[in-house]
Amino acid sequence: MITSVNNGERIELNSPIKMPNASAFLWNKKMMIHMNCRGYAVSQFMQPEPSKYAYSPNLEAKTFMQPEQPYYAHHPGRFFYIKDEENKTLFSAPHAPVRAKVDSYIFSAGKNDISWEIKKDGLQVKMSLSLANDEAIELWSITVKNTTSKPKKISLYPYFPTGYMSWMNQSGIFNKDLCGIVCSSITPYQKYQEYENIKTLKDKTFFLADTTPNFWEVNQASFEGEGGLEYPTGISAEELSNGDACYETPTCAMQYRLNLKAENEQSFRFLFGPANNEEEIEFIRKRYFLDIDKNNINGFQKSLKEYKSYIAHGTGCINIKTPDKTLDDFVNNWLPRQVYYHGETNRLSTDPQTRNYLQDNMGMSYIKPEVTRHAILTALSQQKKSGAMPDGILIHKKAKLKYINEVPHTDHCVWLPICLKAYLDETNDYKILKERVSFSDSSVKSTVTEHINLAMLWLYENRDERGLNYINQGDWCDPMNMVGPKGKGVSGWLSLATAYALNTWYEISLKNKSIDPEMDFSLMAKNVKNAINTHLWDGNWYARGITDNNVIFGIKKDREGKIFLNPQSWALLSGCADEEQSKKIINAVENELETPYGVEMLAPSYTSMREDIGRVTQKYPGSAENGSVYNHAAVFYIFGLYSSGKKEKAYELLKKMIPGPNEKDYIQRGQLPLFIPNYYRGAFKQFPRTSGRSSQLFNTGTASWVYRCLIEGLFGLVGDIKGLRISPNLPNHWDKVEITRQFRGATFYVKINREKEITETMISVNNKLLEEPIIKNIKPIDYTVKVSIPIA
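Residues numbered from 1 in each chain as written. Predicted model: local features only at pLDDT ≥ 70, side-chain atom pairs only at ≥ 80, totals over all residues. Heavy atoms only, no water.

Draft legend 1. Geometry of the overall build of the chain. Looking only at helices and strands, the chain has 18 helices and 40 strands in total. Taking 792 residues into account, the globule formula puts the C-alpha radius of gyration at 28 Å, and the chain, at 28 Å, falls close to it. Projecting the C-alpha coordinates of the chain onto the three principal axes gives extents of approximately 80 × 65 × 55 Å. Taking all 792 residues of the chain together, 61% fall into the buried category. The long-range share in the chain, meaning contacts at least 24 apart out of those at least 6 apart in sequence, stands at 67%. If you average the places of the 95 positive and of the 90 negative side-chain charges in the chain, the two averages end up 3 Å apart. (Helix = DSSP H or I, 4+ residues; strand = E, 2+ residues; numbered from the N terminus. Rg over C-alpha atoms; globule rule 2.2 N^0.38 Å. Buried < 20%, exposed > 50% of the residue type's maximum accessible area, 1.4 Å probe, protein only. Contact = heavy atoms within 4.5 Å. Lys, Arg positive; Asp, Glu negative; His and termini not counted. Charge placed at Lys NZ, Arg CZ, Asp CG, Glu CD.)

Draft legend 2. Main features of the nonpolar core. If you look at the biggest cluster of nonpolar residues, it comprises 228 residues, and the most contacted ones within it are F270, W415, L420, W570, F715 and V785. At ten residues, helix α11 (residues 492-512) tops the list of elements feeding residues into this core. Beyond its immediate sequence surroundings of up to four residues, V785 is in contact with I726, F748, Y749, V750, K751, I763, S764, V765 and I775. Counting residues in hydrophobic clusters, the runner-up holds 14 residues, among them F206, L271, I284 and F289. (Core = buried A, V, L, I, M, F, W, Y, C linked by side-chain atoms within 4.5 Å.)

Draft legend 3. Expanded view of a nonpolar patch on the surface. Judged by side-chain polarity, W167, M168, I186 and Y247 come together as a nonpolar surface patch covering roughly 380 Å² of accessible area. Residue placement: W167 occurs in the loop between β13 (152-161) and β14 (170-175). By relative accessible area, which is 38% here, W167 ends up partly exposed. (Patch = residues over 30% accessible without salt bridge, like charges linked within 9 Å, V, L, I, M, F, W, Y side chains within 5 Å. Areas by Shrake-Rupley, 256 points an atom, 1.4 Å probe, with all protein chains shown as cover. Salt bridge = Lys/Arg side-chain N within 4 Å of Asp/Glu carboxyl O.)

Draft legend 4. Fine view of the pairing of strand β17 (residues 215-219). For β17, a buried count of five out of five residues is recorded, marking the element as mostly surrounded by other parts of the structure. Across four bridges, β17 lies against strand β19 (residues 250-260) in antiparallel orientation. Within β19, the residue paired with N219 across the bridge is P250. (Pairing = 2+ DSSP bridges.)

Draft legend 5. Summary view of unusual backbone geometry. The omega torsion of the bond from A96 to P97 falls at 0°, within 30 degrees of zero and hence cis. The amide bond that connects G660 to the next residue, P661, takes the cis arrangement and shows omega of 5°. Here P661 is to be found in the loop between α16 (647-655) and α17 (663-669). One non-glycine residue, N472, lies in the positive phi region at around 55°. When you line up the elements, N472 lands in the loop between α10 (448-461) and β24 (490-491). On the accessibility criterion, N472 (26% relative accessible area) is partly exposed. At A683, a position not held by glycine, the phi torsion is positive, near 50°.

Written out as structure tokens, the structure reads:
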């Protein structure tokens, strides 16, 4: 059903039915498209806020990308109808809307393109989607081939619905000069002050062809008619009616009459995207279809090459060969791509949440560290003089904090030293600590060290009389919004994360010899941990928090939500849990939270509103933060396991994040192994039928952390102020691995083998045995590294 080809660089699915929501995604800095295997699409572009150019049938309030995106007949999509003009049979590629049974089907996801190959009734249809390198333009190509020994008369109908564009003004025409359809609208607004912004928006959607169609239809109702989308009235006629749309819902439909001789084929190319006016569309058509360079290559072909090159910049810093080929394929091809997407686009937001912005850019330490450096300085420039960090980071001059960033959260300072450490370990760029940055409420510049000192002091001081951190209307868990709005509720997780952040910053300061004797961050961390163990230890695990009404929750006496994962993860990371407590935590997580699809965020899932906790309890049991396998939380636990030396359990749970490799698991999750989703459905004991189902949402802070777990945890190739420290944590059933590691301008070819005769790890570099497990004085050359580890 699913095949990995080209050394894992492509994933192919041979059925549109077994995994109907299987999908892949493409992006550039201006846009994103999430493409379903059946032809449905979710796309958006930036201007500067996220906007649509193919809309839902009804005008809706703007929302973020949604988990478990529902698809329906009139969902935006990209479709091609093929009609046999002799017997009037019809099918559509890639599958919807006709959903006809085909002879063969392949959905193929690549790093820089998505393609399909469909065979039916002697026809072969090959279609491909890629993107422009730096513009919001979809690049489509389709080839139809007659594979029989007899001629065929068919009609090909590209159908790209634009949906309900605007209640104020919408229309559409076929423009012969542009050889395309232009659908126009005006974004609705009420306040006249908004007009200056509205008039600059790209409210036109174009669908351009490199070949003039025989006929077209721009009126959605006329195209569909009484036949519905399975056999539209427009298609049942001999010719599309060349209609327009006048304050009617427009669409983009064309008809090509083809007389295909035996074994002959015909190809077409199309452009689909947003524009401000016809002049811009004319310029796009000229560049992509008409301009030819000295090598006889047009803009369309050139753009495909440029986009491939753009995506290749996110290759990552490790290439692995292990006993687990499915892991190799995912780590070598798809995981760094997902990390790169987050760091390049900031999830296509102009005000990413601070925690997301920092963690997403943490992953860029391993791909483009200069991006991480810029992100750290940008974030600190928006810090207040008090040390508080904002709920979102403004990355566009016109951006404003909105949606969730208007709700006060208390965790954002935590991520500064945590993400900074990953950057420093990878680059050794301790000079950044001396960079001087202003504040959002003061033009006075302070060093990065001083900024983070203030952030750590803010965390330490933002505690109650017990010594636990206030939660306000949320910490890392956004919908935990009713624990502390009165200013009394506290977060067990945030208290543990504060202790970890303080210790992390203390270690960084110690290495850089920049500790202020009046600020003993190590002692502060110890004080926080003492408070946690005094007030939050419940015998076998740590509580999640204490509400405004002084009710402790996330404890064994709770009927629902009796154990939360995050406090246990960060108790391991922070060292708050001693050896005996750690054993109890790991045992409790295994018994209460582990499932075949990963480790759940909480259990049992809430089944009704709990007003002293908040809207997390209103989410459907097992979805999102209410007890799903929320991978961002799960990877914190895995990182904590590696930090605690629990390598077997860490690897077991790490592997569960990747769909497959057996067909039963693929079908249950419904997702291809192209990315880690933000969650898989949980509530395994409550709702086993849906447990494991993927959200299909690739926006998640998980990716950066998984990459870090692999580099620092599994393979133990950790950056250090002295060089590259080597401390592998291979699972016991692995005898050998090979890793190519890019690090500080050098390339390390590392072979790790288990040896019978040794009792401790031995490391040689270029045939010279190391006295300690660290490669020092790194130069921009190749290193051959042999690591011998004892038999487990």
